[in-house]
Amino acid sequence: MTFNALAIVKDFPIFQRTIRDGKRLVYLDSGATSQKPQVVIDAESDFYRLHNAAVHRGAHQLAEEATDIYEGARAITADFIGAKVDEVVFTKNATESLNLVAYAMGNAPAGNRFHLSSGDSIVVTEMEHHANLIPWQQLAARTGATLSWFEVTPEGRLDLSNINAIITEKTKVVALTHQSNVLGTINPIDVIVKRAHEVGAVVVLDACQSVPHMKVDVKELNVDFLAFSGHKALGPTGIGVFWGKSELLEELPPFLTGGSMIETVTMTGATWALAPKKFEAGVPNMAQAAGLGAALTYLTKIGIESVHSHELELTSHLLTQLSEVEGLEIVGPTSMESRGGSISFTYGDIHPHDLGQFLDSQGIAVRTGHHCAWPLNRKMGVVATTRASLYLYNTIEDCDALVAGIRDAGKYFAR
Ligand SMILES: Cc1ncc(COP(=O)(O)O)c(C=O)c1O
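What counts as what
- Residues numbered from 1 in each chain as written.
- Predicted model: local features only at pLDDT ≥ 70, side-chain atom pairs only at ≥ 80, totals over all residues.
- Heavy atoms only, no water.
- Disulfide = S-S within 2.5 Å.
- Buried < 20%, exposed > 50% of the residue type's maximum accessible area, 1.4 Å probe, protein only.
- Helix = DSSP H or I, 4+ residues; strand = E, 2+ residues; numbered from the N terminus.
- 1 Å grid on protein atoms, 1.4 Å probe; cavity = no way out; pocket = protein on both sides within 12 Å on 5 of 7 lines; lining within 4 Å.
- Points joined across faces, edges and corners; volume = space filled by probe spheres on them.
- Nonpolar A, V, L, I, M, F, W, Y, C, P; charged D, E, K, R; others polar.
- Near = heavy atom within 4 Å.
- Polar contact = N/O pair within 3.5 Å; in protein donor to acceptor, adjacent residues only side chain to side chain.
- Sits in = over half its atoms within 2 Å of the grid points.
- Core = buried A, V, L, I, M, F, W, Y, C linked by side-chain atoms within 4.5 Å.
- Contact = heavy atoms within 4.5 Å.

1. Thoughts on the state of the cysteines
The bond known as a disulfide is covalent and runs between the sulfur atoms of two cysteines.
Right, on to step 1. What the rule picks out here adds up to zero disulfides.
Right, on to step 2. Unpaired in this structure, Cys 208 has its nearest cysteine sulfur neighbour in Cys 372, at a distance of 11 Å.
Right, on to step 3. Since its relative accessible area comes to 10%, Cys 208 is described here as buried.

Below is the structure:
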């Protein structure tokens, strides 16, 4: 299928509406959440209209259909990231996936490979979204393990110069982002995985900003756990993915307990079902899984590699255009080397919130603030930035509208 952004735009009903008194919607906030194609909206509403029942339980046709759709979505998701079906766990979002693994490790008894105590170390990076930082801070506080991190260079890359001093024999977990939601930086996962595995640590990858935008194959990356959110990958809100290598999921204790995740129960104890059920307590997000299945099928039909090259083309164009705006500073890599389509910047002394509001008045949706990465902002010497984040439905015209809007804002605020 040849990539045609203008045809793709037609698949997304939201682009038929206008913004702020009839202006064309220029949506440059997909890093926060993506828009939804009609097929996803249909899949979710069809589930409720035609198939609604609790999965895995009922002895009736609707329950059978609901289970087929839910498990079908799991198979589609597994296929999308090169995983085995039983390695894919559905959660509420990436935040829950990351909390799941951190809390589950906190539940590991002595003797379990995930048991942490003082003397162990957890490694993160300065560029983490709060969702992949705070759960590890909490785990360290609960277990007495120390938290160490890789620093970020002024260019917005991980400083790996002292990798062997940061990931040591004491390290049990290395948790990091694949692509920074602020800087756009794509991290060298292979180098980190090699060192982590050398010392017997597991690698948890926050793939929120990579899975929706590029080919991610868990086998090739050889990470141990991975998390992403459905809503950033054209899917509905309320569905996230937690993936783990099957032998590791077997050993990882559960996070939430209750119905559906057990094998046997007595009045004094219980044993656990095998993964993925062990990690899916209660009636799950079935309609949302149906929507996610439709979203990943849609991306597969278009071709995730084509999505990626389209975004690279737009990113390169936008970086060049932005570099010509006087007073605008990119926060993050300015070259295309190992970077994706999240571009954060400051613009003279115009506060990002003022700039965001000005752009909004022109129909241009960007994100402003600290982007849930407060320590990273501090490291980069900024209080807040304006961020444009690109996706498959964006066009060169969208990028040019942003640059024109920024120039107009410059004139407006200079008055
Ligand atoms: C890199 C990264 N990690 C984690 C998250 C958290 O995702 P969610 O809020 O969908 O759980 C985000 C959301 O912006 C993100 O960009």
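2. Comments concerning unusual backbone geometry
Right, on to step 1. The omega torsion of the bond from Ala 275 to Pro 276 falls at 5°, within 30 degrees of zero and hence cis.
Right, on to step 2. Looking at where Pro 276 falls in the secondary structure, it is placed in the loop between strand S12 (270–272) and helix H10 (286–302).
Right, on to step 3. Phi is positive for Arg 20, close to 45°, though the residue is something other than glycine.
Right, on to step 4. For Arg 20, the position within the fold is in the loop between strand S1 (18–19) and strand S2 (23–24).
Right, on to step 5. A residue is classified by how much of its surface remains accessible, and Arg 20, at 49% relative accessible area, is partly exposed.
Right, on to step 6. Backbone geometry places Ser 338, a non-glycine residue, at a positive phi of 45°.
Right, on to step 7. With respect to the helices and strands, Ser 338 occurs in the loop between strand S13 (328–331) and strand S14 (342–347).
Right, on to step 8. Under the relative-accessibility criterion, Ser 338 is labelled partly exposed at 39%.

3. So, the layout of surface pockets
Right, on to step 1. One number sums up the size of the largest pocket: a volume of about 260 Å³.
Right, on to step 2. As for the largest pocket, its lining consists of 23 residues, and the residues nearest its centre are His 129, Ala 131, Cys 208, Gln 209 and Lys 232.
Right, on to step 3. When residues of the lining of the largest pocket are assigned to their parent elements, the largest contribution, three residues, is made by helix H4 (residues 94–106).
Right, on to step 4. Class assignment of the residues belonging to the lining of the largest pocket gives a composition of seven nonpolar, twelve polar and four charged.

4. Section: the site of the ligand
Right, on to step 1. Every one of the 14 residues lining the ligand counts as a neighbour, but Thr 95, Asp 206, Ser 229, His 231 and Lys 232 are closest to it.
Right, on to step 2. The contact in question runs from an oxygen atom of the ligand to an N or O atom on the side chain of Thr 95, over 2.5 Å.
Right, on to step 3. A distance of 3.4 Å is found between an oxygen atom of the ligand and a side-chain nitrogen or oxygen belonging to His 129.
Right, on to step 4. Applying the majority rule of atoms within 2 Å of the grid points places the ligand in the largest pocket.
Right, on to step 5. Grouping the amino acids of the shell around the ligand by side-chain chemistry returns three nonpolar, nine polar and two charged.

5. Here we look at the nonpolar core
Right, on to step 1. Membership of the largest hydrophobic core comes to 78 residues, with the highest contact counts inside it found for Ile 81, Phe 90, Phe 150, Leu 226, Leu 234, Leu 392 and Tyr 393.
Right, on to step 2. A total of eleven residues in this core trace back to one element, the largest contributor, which is H10.
Right, on to step 3. Filtering out sequence-adjacent residues up to four positions away, Ile 81 remains in contact with Val 211, Val 216, Asp 217, Val 218, Leu 226, Phe 228 and Trp 243.
Right, on to step 4. The next biggest cluster of nonpolar side chains, apart from the first, holds 30 residues, and it includes Ala 102, Val 124, Leu 139 and Val 202.

6. What about the environment of Pro 333?
Right, on to step 1. Tracing the backbone shows Pro 333 in the loop between S13 and S14.
Right, on to step 2. When its relative accessible area of 0% is taken as the criterion, Pro 333 is described as buried.
Right, on to step 3. Sequence separation between Pro 333 and Gly 184 is 149 residues, and the spatial gap between their C-alpha atoms is 7.4 Å.
Right, on to step 4. Dropping the residues within four chain positions of it, Pro 333 is found in contact with Glu 155, Gly 156, Arg 157, Leu 183, Thr 185, Leu 319 and Arg 339.

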